[in-house]
Amino acid sequence: MEQIRVIGFEIEACHGCSPGEKTNPQRFLLNVTVDIADREKQDDDLETTLSYLDVIEICRSVMNGPHRHLMETLAGEIADRIVALKYVAGVEIEIEKCNPPIPDFTGRVGVRIYREASV
C-alpha cells in the first residue's frame with residue numbers, strides 16, 4: 001500500500017479548554033499518514049493520486065477554523081475531510097500541543113486517531 005505522509009507540520013492556533021487557550025495562539029504539531037487506495041495505473045501523473053498539498057491545506061483550514069475545546073475534535077474533522085478525498089483508503093492523524101498550560105509539566109500532549117474511508 002502506498003502512503004502520503006505530512007510530518008512535523010507546525011502551526012499556531014487557538015484551541016483548548018482554558019480561557020487563555022481561547023485567545024492566545026499556541027503551537028501544535030501535526031503528523032498525517034494517508035493510506036492510498038490501490039491505483040489501477042502506476043505512473044508519474046499527479047492526477048492519478050492524492051497530492052500532499054491537499055492534505056496540508058485541509059490541516060491548515062481546520063486548525064485555523066473555529067475554536068475547538070478538544071484535540072480529538074480537531075483530529076476528527078481533519079480525518080473526515082481527508083477520507084472523503086479520491087484515492088484515500090484511510091488516514092491517521094496525530095496532533096500534539098507543544099506547550100500545554102499544565103502546571104509543573106514540561107512536555108507535549110497529544111491525540112492520535114485513524115479513520116477508514118467508506119466503501
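These remarks concern the structure in this document. Throughout, a residue's number is its position along its own chain's written sequence, starting from 1. Only residues with pLDDT of at least 70 get local features here, since the model is predicted, and only at 80 or more are side-chain atom pairs given and counted; chain-wide, interface and lining totals rely on the full set of residues. Excluding hydrogens and water, the side-chain values take into account all heavy atoms of the structure.

The number of helices and strands found in the protein is three helices and four strands. Seen in sequence order, the protein has helices and strands lined up from the N terminus as β-α-β-α-α-β-β. For the protein, the spread of C-alpha atoms along the three principal axes comes to 55 × 25 × 20 Å. Counting over 119 residues, the protein shows a buried share of 41%. Only heavy atoms matter for contacts: two residues are in contact if any of them lie within 4.5 Å across the pair. Sequence-distant contacts in the protein: of pairs separated by 6 or more residues, those separated by 24 or more amount to 61%. Carbon and sulfur atoms make up 49% of the accessible area of the protein, which amounts to about 7200 Å² in all. Each charge class in the protein can be summarised by its mean position, and for the 13 positive and 21 negative side chains these summaries are 4 Å apart. Numbering of helices and strands runs from the N terminus, with a helix taken as a DSSP run of H or I at least four residues long and a strand as a DSSP run of E at least two residues long. Under the scheme applied here, a residue whose accessible area is under 20% of the maximum for its type counts as buried, over 50% as exposed, and between as partly exposed, the area being computed with a 1.4 Å probe on protein chains only. The accessible surface values rely on the Shrake-Rupley method and a 1.4 Å probe; as for residues, cover is taken only from the protein chains in view. Lys and Arg are tallied as positive, Asp and Glu as negative. Neither His nor the chain termini are counted. Lys charges are placed at NZ, Arg charges at CZ, Asp charges at CG and Glu charges at CD.

Among the structural elements, Asn31 can be located in strand E2 (residues 26–36). Whenever two N or O atoms come within 3.5 Å, that pair is a polar contact, provided that in protein one can donate a hydrogen and the other can accept it, and provided that, for residues adjacent in sequence, both atoms are side-chain atoms. Looking at Asn31, its side chain comes within polar contact range of the main-chain nitrogen of Gly8, at 2.7 Å. Not counting residues up to four positions away in its chain, the partners in contact with Asn31 are Val6, Ile7, Gly8, Glu92, Ile93 and Glu94.

What follows concerns the pattern of salt bridges. What counts as a salt bridge is simple: a side-chain nitrogen of Lys or Arg found within 4 Å of a carboxyl oxygen of Asp or Glu. This model, assessed by the stated rule, comprises seven salt bridges. Among the salt bridges present, the one from Arg60 reaches Glu57, with a minimum N-O distance of 3.7 Å. Linking Arg60 with Glu57, this pair stays in helix H2 (residues 52–63), spanning three residues, or about one helical turn. For Arg60, a relative accessible area of 36% gives the class partly exposed. Taking the relative accessible area as the measure of exposure, Glu57 reaches 43% and is therefore partly exposed. For Glu94, the salt bridge is made with Arg112, and the minimal N-O distance between the two is 3.4 Å. Highlighted residues: Glu94 in strand E3 (residues 88–97) and Arg112 in strand E4 (residues 109–116), separated in sequence by 18 residues. Its relative accessible area of 55% is what places Arg112 among the exposed residues.

Below, the discussion takes up H2. A helix's residues, less one, multiplied by 1.5 Å, set its expected span. Between its first and last C-alpha, H2 extends 17 Å over twelve residues, near the 16 Å set by a 1.5 Å rise per residue. Within H2 the residues assigned to the buried category are Val55, Ile56, Ile58, Cys59, Val62 and Met63. Looking down the long axis of H2, one finds its buried residues gathered within 160° of arc, a one-sided arrangement. Contacts from the buried residues of H2 go to strand E1 (2–13), E2, helix H3 (71–83) and E3. Taking the helix axis as origin, the arc is that swept by the directions to the C-beta atoms.

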